[in-house]
Amino acid sequence: MPVELEWESGAQPANGGDPQPSPQRFNRWWRIVFVVVFLIAGIAIAIILRLAEIERWQLRTLQDAFNAELAALRIGDLDAFLALQHQGDEIWVNQQVAYFHEVQASPHLNLIGEIIDSEISENGDLGIIHFREVEDGIPYERLWFYWSFEEAGWRHLPQNTGLWGEAATIASNFVEIRHASRDALLAEALAQTLPGWMELGCQVLSCTQQPGMLVEIIADPNLTLSWHPINPWHMRIPSPLLSRMRSDQPFSPRLQQSLAELVSTQLFLTSPMATIESSSMDDRYFRQALYSWLVTRFLGIKEISPLLDSVIERYGVHPIASAVNDFGGLKLLPALRKATQSSLAELALLDWRDYLEWKIRQYEPEFVGKIATLQVTEEKGKIRIHAWLQPPESDSSAAEFQFEIIGDDWHMISDGP
């Protein structure tokens, strides 16, 4: 008699359909997947934590080397300082010796060692310390570069100008500024300042077309502040972090002064003033006064030319621009009269102090005095200015000069006591 066996485990359904997984098998597979994922995640986290720990250790050793270098500078230990320098570059070592002596000769330099930021490359070989120092109460920032040698550890080496950050551009109002990310603060300060300079300069000098200015901040230790030799409106500025940059004022007063002079000179060369021959006394005065006025106005300074200030205060910038176009064939009084459509009596009320001091120096080259006050009088059609000089501290009396409009010019009719 045949025996029929029924297999409960692994039996196929009678209708040939797929077997249905049991809940126990489903849960078992999920537990395996969870364990595997957990193990992988745990290993990954352990690796990340280990790498972070290594990076923190590298940063600590980098900062320790930096602090040791500053300590050597503070106590004046040249041997300890040089021991932390990269010895494979004789030029670099000599530069660092000169820097060491420069620091020792700077009594008001405070090497506070405040680290703004520290970086290490992905392979752990290159380190950068961005730190702050203070001199005469002014904070400055520097960048120092280091290399991790297998035996010697971190050593200070020359700056790597290829690691100045990502390239960026700021463009506005006829001024385009190109820079690396490390020079972003200076670039932003230039972008806030230069468009105003260009606008004022063109208003005063009567530009036929406002030129577009390109400014590049370049990390090149061999570069000096200058115009490009081919493009007359391409300014090149060395990155201030090549030496040190003012933290409170990246666009430093020294850089402002130099840049104001360069921009003013370039504006003059591309304006009608470039064609004026400085043959007469008024030509020479007007060119010099206008240049000095423009430079100092760029720097936010007034009272350099009281005459130009008073013209602009009373009539605006347009008369100066008009005088620029008409100058060379007219003296100053007729040029201003034409530009302002004012009478000589009205023009006599302007602040002529710097112009009259100039006139006095033409007659008396050794004159170094300053006119303190002016008084305008008009009698029988004669317009005169009485100019009193600021007396020396030892003398209470003030010397007086008198000028009168004769024809189309001011003429001295009294040369003091």
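Look up a bit, the structure's there.
Description of the structure in this document. Everything quoted here is computed from the prediction, not taken from an experiment.

### Observations concerning the overall build of the chain
- Along its length, the chain carries 11 helices and 14 strands.
- Looking at the chain as a whole, 40% of its 417 residues are labelled buried.
- Counting contacts in the chain only where the partners sit at least 6 residues apart, residues at least 24 apart contribute 48% of the total.
- When the accessible surface of the chain is split by element, carbon and sulfur atoms take 53% of a total near 24,000 Å².

### Quick word on the nonpolar core
- Ranked by internal contacts, the top residues of the largest apolar core, which has 68 residues, are Leu190, Met213, Phe286, Trp352 and Trp410.
- At 12 residues, helix α4 (residues 184–205) tops the list of elements feeding residues into this core.
- Apart from the residues within four sequence positions on either side, methionine 213 is in contact with Phe174, Val175, Glu176, Leu194, Met198, Trp227, Trp233, Met235 and Val263.
- Core analysis: the next-biggest nonpolar cluster, separate from the first, contains 21 residues, Leu59, Phe100, Leu109 and Ile129 among them.

### Examining the pairing of strand β11 (residues 371–379)
- Bridge analysis of β11 against strand β12 (residues 382–389) gives 8 bridges, and the strand direction is antiparallel. Opposite threonine 373, over in β12, you have tryptophan 388 as the bridge partner.
- The loop that links β11 with its antiparallel partner β12 comprises 2 residues; one of these, lysine 380, has a positive phi angle of about 55°.

### Digging into empty space enclosed by the protein
- Counted by the stated rule, this structure contains 1 cavity of 30 Å³ or more.
- The calculated volume of the largest cavity comes to roughly 30 Å³.
- Taken together, Phe286, Leu307, Leu308, Val311, Ile320, Leu332 and Leu336 make up the full set of residues lining the largest cavity.
- The set of elements that each furnish at least two residues to the lining of the largest cavity consists of α7 (306–315) and α9 (332–340).
- In terms of residues, the lining of the largest cavity owes the most to one element, α7, which gives 3 residues.
- A per-class count over the lining of the largest cavity returns 7 nonpolar, no polar and no charged.

### Considering the sheet that holds strand β7 (residues 213–218)
- Strands sit in the order β5-β6-β7-β9-β8 across an open sheet of 5 strands; the sheet is mixed. Every interior strand has two partners, whereas the edge strands, β5 (167–172) and β8 (226–227), have only one.
- With 2 bridges connecting them, β8 and strand β9 (residues 234–238) associate as antiparallel partners. In the strand pairing of β9, serine 226 is matched with arginine 236.

### Let's talk about the pattern of salt bridges
- This structure, assessed with the given rule, holds 14 salt bridges.
- Arginine 244 is the salt-bridge partner of glutamate 133, the closest N and O atoms lying 3.0 Å from each other. Taken together, the positions of glutamate 133 in strand β2 (residues 126–135) and arginine 244 in the loop between β9 and β10 (245–246) put the pair 111 residues apart, joining distant regions of the chain.
- When salt bridges with common partners are traced through the structure, they connect Glu133, Glu135, Arg142 and Arg244 into a single cluster.

### A look at the layout of surface pockets
- Reported here for the largest pocket is a volume of approximately 640 Å³.
- What lines the largest pocket is a set of 19 residues, and nearest its centre among them are Trp92, Gln95, Gln96, Gln159 and Leu242.
- For the lining of the largest pocket, the elements supplying multiple residues, two or more each, are α3 (90–104), β3 (138–149) and β4 (153–157).
- In terms of residue count, α3 provides more of the lining of the largest pocket than any other element does, 6 residues in total.
- Here the second largest pocket is characterised by a volume of approximately 510 Å³.
- Taken together, 18 residues make up the lining of the second largest pocket; nearest its centre are Pro240, Ser243, Arg244, Ser252 and Arg254.
- When residues of the lining of the second largest pocket are traced back to their parent elements, those giving at least two are β9, β10 and α5 (253–269).
- Among the elements that make up the lining of the second largest pocket, the one with the highest residue count is α5 (4 residues).
- The class makeup of the residues in the lining of the second largest pocket is 11 nonpolar, 4 polar and 3 charged.

### Here we look at helix α8 (residues 318–326)
- Those residues of α8 that sit buried are Pro319, Ile320, Ala321, Ser322, Ala323 and Val324.
- For α8, the elements touching its buried residues are α4, α6 (281–298), α7 and α9.

### Examining the side chain of histidine 234
- Mapped onto the elements, histidine 234 comes out in strand β9.
- At 2.8 Å, the side chain of histidine 234 forms a polar contact with the side chain of glutamate 216.
- Excluding residues within four positions of it along the chain, histidine 234 makes contact with Leu214, Glu216, Ser226, Trp227 and His228.

### Some points on the environment of leucine 126
- Position of leucine 126 among the secondary structure elements: in strand β2.
- Each C-alpha atom of the pair leucine 126 and leucine 62 lies 9.6 Å from the other, and the pair is 64 residues apart in sequence.
- When near neighbours in sequence (up to four residues on either side) are disregarded, leucine 126 contacts Glu119, Ile120, Ser121, Phe145, Tyr146, Trp147, Trp154 and Leu163.

### Observations concerning the pairing of strand β6 (residues 175–180)
- Where β5 meets β6, 6 bridges bridge the pair, whose relative direction is antiparallel. When the sheet's bridge partners are listed, serine 172 is paired in β6 with valine 175.
- Connecting β5 to the antiparallel partner β6 that follows it, the hairpin turn spans 2 residues, and asparagine 173 within it adopts a positive phi of roughly 45°.
- Sheet topology places β6 next to β7; 4 bridges connect them, and they run parallel. Bridge pairing links valine 175 to methionine 213 in β7.
- In the classification by handedness, the crossover that spans β6, the intervening α4 and the parallel β7 is left-handed.

How each quantity is defined
Residues numbered from 1 in each chain as written. Predicted model: local features only at pLDDT ≥ 70, side-chain atom pairs only at ≥ 80, totals over all residues. Heavy atoms only, no water. Helix = DSSP H or I, 4+ residues; strand = E, 2+ residues; numbered from the N terminus. Buried < 20%, exposed > 50% of the residue type's maximum accessible area, 1.4 Å probe, protein only. Contact = heavy atoms within 4.5 Å. Areas by Shrake-Rupley, 256 points an atom, 1.4 Å probe, with all protein chains shown as cover. Core = buried A, V, L, I, M, F, W, Y, C linked by side-chain atoms within 4.5 Å. Pairing = 2+ DSSP bridges. 1 Å grid on protein atoms, 1.4 Å probe; cavity = no way out; pocket = protein on both sides within 12 Å on 5 of 7 lines; lining within 4 Å. Points joined across faces, edges and corners; volume = space filled by probe spheres on them. Nonpolar A, V, L, I, M, F, W, Y, C, P; charged D, E, K, R; others polar. Salt bridge = Lys/Arg side-chain N within 4 Å of Asp/Glu carboxyl O. Polar contact = N/O pair within 3.5 Å; in protein donor to acceptor, adjacent residues only side chain to side chain. Right-handed = clockwise from strand over helix to strand, strands pointing away.

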